[in-house]
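An overview of the molecular structure
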Amino acid sequence: MNEQYIKNVVEAGLLAAGRSLGLEELAALFGESERPGTAAIRASLAALEIEYAGRALELKETASGVRIQVRREFATEISRLWPERPQRYSRALLETLALIAYRQPITRAEIEAVRGVAVSSDIVRTLLERGWVRVVGHRELPGRPELLGTTREFLDYFGLRTVDELPPLAELRALADINPQLVLQVGAQGEGERAALPDPTPLADDAGDLDDEPALAREPSAAAPGLVASGAAAED
Amino acid sequence: MNEQYIKNVVEAGLLAAGRSLGLEELAALFGESERPGTAAIRASLAALEIEYAGRALELKETASGVRIQVRREFATEISRLWPERPQRYSRALLETLALIAYRQPITRAEIEAVRGVAVSSDIVRTLLERGWVRVVGHRELPGRPELLGTTREFLDYFGLRTVDELPPLAELRALADINPQLVLQVGAQGEGERAALPDPTPLADDAGDLDDEPALAREPSAAAPGLVASGAAAED
Amino acid sequence: MKPDLKVVVSNPPVAVPLPPLPEQAEMPFAIVNGEPVTQMPRDLYIPPQALEVFLEAFEGPLDLLLYLIRRQNLDVLDIPIAEITRQYMRYIELMQDLQLELAGEYLVMAATLAEIKSRMLLPRSADSTDGEADPRAELVRRLQEYERFKRAASDVDQLVRLDRDVFQASAEMRERPIARVLPQVTLREMLLAFRDVATRAQMFAHHHIQREQLSVRERMSSILALLEPGGFVDFVRLFSSAEGRMGVTVSFVALLELLREGLIEIVQTEALAPLHVRRATPAPTLQIVPDTGEFQSQP
């Protein structure tokens, strides 16, 4: 088994598959008696990555494995292949998707509680049809509402290995943190106020979903060109 | 317009399209002001062709243009991405294999004598092709029938160090169809142990000779070339 | 206790400086005459042709409230309820005037704001022990919670997305054969097959096969495989001291068994000379005519 051969087969397999392949799928490209180990396959991927430096290609590891993709810097050129513009999604859809991604498993009613408006069934259907979201169970409440969660396709599509790689959520602040005067001046009353706050310690009740996400404020994001038409093109 | 950029875009375009692109389509990947001429695109294709030498990819010119495809030499590996449904071996084949394992070296006629039915040559050929069985010699009888024995690959496949790890016939009788767990523990101790422990602990009654056993299994095949050569040398 | 709130409002350094939220301003709200409107109007004046799209662009009452708060550079944690309520109601009226389909939630929020406003006006007893909360607390929590997901939505939208930012690379494979998948067998399957055949052949009764014989039989195969037709192998080379006493014994028994079955010959050219082993040859009177099978079988 020489390294060049392994690398060639891995590259050819990834390109012929036209999708992400897991390490086991890559190993299965080889005959039983000459199957390289995980280390050898990882080494070939590393070698390919080096070869792709300075080219328009790159390796990307996502939830279902590794794929070869055209770098973002070439998006303008490549998108000229397809006359129709890539699909844009409404804010309503993106907010719903974000809630499902960060808060899964979650019911539609819980999404509505955060967004403050009803979630149209069109949006949920679009997400289901897109394969980004699936019903992962039911909450044991009257009506047994569906619990929604994200799929591996969602992760693949957005170039993530796990939901942990989603950008961290902004942190919640408590009223008392910004109103020390109020607390001081009101005196005893401040205690009560603090106790009654739904979220006395910032992030405390979110610690569970956030896992190890740093509670840092995110860097301000750049303007999203993809959003430009979203107001008018709202899907719901 | 540098050549590297043109080549990168051409390669990325062909791979993102996943189909043949004509020279005009390739040129259309570039912005209007920086569109390279046909000659420059042809040059980039020639450069790609050189890069692909020694790799699994090649450029192929078709009626509709040029495409990047996986070389035919890699068809076997790539075809494993789309496997047919796995077949099962027949009972007759398994019986034959087991008889060869337990009674090697053995001729086909001897197998037939035990099984009471003819052994098709397909079965023997399948076992030979699979590499589990080999012809180890001939019995000096009319027709010089082949003597069959098991191989190192056979042992590897079934997770055995030596054929000694196959349960003796007396234990086989106790093999129950109903309780696979029990069977694995009682019958195929070697396999069961291997799965559970990285370094199998010898059973009490094997303790005496177990140290030697791995060498027993390994030695003949490893030393084989040397032995053959010395045999030839001893001929004179 | 209303004055307490004013102290805070009029004391900017106290407020935690707001992180800049550029996307807030650049969040496009509408397309007017083909041009994206990325800036919310700075005051309540909205270009008439943009009004409807603008108002429709809100994702609900929380979104509208956030807009009103951000537009005035206020902190969510410190909302001047009376003023915000007034502005909110004006937008609601605008929406109603335009006969936009107004979600019921907008009106529920209006009621909520009115209620908070009235509770803010109530004096709170200084020695209250029943844990009376800031009336705005629940609204503030909801606004923050909504805002973080509004941002998360924008973050998700900016993730590097397949088919928009990056593209799956693929190459064609013409004429691809169907891969033959070799059947998998478990040891157990094979053993069960053997048990059946052994039962049929009544091998159990004769105890022909015993555990101890297996390594001998395997060794017989190995030795045979080493012997090339017509070739000799040094007898001692069939034993490896590395295999230990058991290994040597196995080889020896295997040789004896091969001899007994007439499969090998052991040759000594003269007394005390080294022993050699070769495959048994048929009766010397017979000329060996190798059949095709033999050639195929040679390694």
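Residues numbered from 1 in each chain as written. Chains lettered and ligands numbered in written order. Predicted model: local features only at pLDDT ≥ 70, side-chain atom pairs only at ≥ 80, totals over all residues. Heavy atoms only, no water.

Examining the packing of helix α6 (residues 108-115) of chain A against helix α7 (residues 137-158) of chain C
The relative placement of two packed helices comes down to the angle between their axes together with the axis-to-axis distance. Where α6(A) contacts α7(C), the axes come no closer than 8 Å and their chain directions differ by 105°. Put simply, α6(A) runs roughly perpendicular to α7(C). Contacts from Ala113(A), Val114(A) and Arg115(A) of α6(A) reach α7(C) at Arg142(C), Glu145(C), Tyr146(C) and Phe149(C). Tallied by class, residues from the contact of α6(A) with α7(C) come to four nonpolar, no polar and three charged. (Axes fitted to C-alpha atoms, helices over the stretch in contact; angles between N-to-C directions. Helix = DSSP H or I, 4+ residues; strand = E, 2+ residues; numbered from the N terminus. Parallel < 35°, antiparallel > 145°, perpendicular 65-115°, else oblique. Contact = heavy atoms within 4.5 Å. Nonpolar A, V, L, I, M, F, W, Y, C, P; charged D, E, K, R; others polar.)

Considerations on the interface of chain A and chain B
The interface of chain A with chain B comprises 29 residues on the first partner and 30 residues on the second. Across the interface of chain A and chain B, roughly 2400 Å² is buried in total on both sides, 62% from carbon and sulfur atoms. Taken as a group, Leu29(A), Arg55(A) and Leu81(A) account for 21% of the area that chain A buries against chain B, more than any other trio of residues on that side. Applying the counting criterion to the chain A and chain B interface returns three salt bridges. Salt-bridge contacts for Arg55(A) lead to Glu11(B); the nearest nitrogen and oxygen are separated by 2.3 Å. Where chain A meets chain B, there are eleven residue pairs in polar contact (both at pLDDT 80 or more). Broken down by secondary-structure element, the contributors of at least two residues to the side of chain A that touches chain B are α1 (3-17), α3 (38-52) and α4 (75-79) of chain A. Residue contributions to the side of chain A that touches chain B peak at ten residues, all from α1(A). Here the residues of the side of chain A that touches chain B are counted per class, giving 18 nonpolar, five polar and six charged. (Buried area = accessible area lost by both parts, 1.4 Å probe. Salt bridge = Lys/Arg side-chain N within 4 Å of Asp/Glu carboxyl O. Polar contact = N/O pair within 3.5 Å; in protein donor to acceptor, adjacent residues only side chain to side chain.)

A look at unusual backbone geometry
Residues and elements named next belong to chain A. The omega angle of the peptide bond from Gln 104 to Pro 105 is -5°, so this bond is cis rather than trans. Along the chain, Pro 105 turns up in the loop between α5 (91-103) and α6. One non-glycine residue, Arg 144, lies in positive phi territory at about 40°. With respect to the helices, strands and loops of the structure, Arg 144 is situated in the loop between β3 (133-138) and β4 (146-150).

What to know about the pattern of salt bridges
Under the defined criterion, the tally for this structure stands at 43 salt bridges over all chains. Note that Asp156(B) and Arg152(B) form a salt bridge whose closest N and O atoms lie 3.6 Å from each other. Of this pair, Asp156(B) and Arg152(B) both sit in helix α8 (residues 152-157), four residues apart, which is roughly one turn of the helix. Note on Asp156(B): relative accessible area 46%, which makes it partly exposed. When salt bridges with common partners are traced through the structure, they connect Arg91(A), Glu95(A), Arg115(A), Glu59(C), Asp63(C) and Lys150(C) into a single cluster. (Buried < 20%, exposed > 50% of the residue type's maximum accessible area, 1.4 Å probe, protein only.)

None of the figures reported here should be taken as evidence of function without further support.
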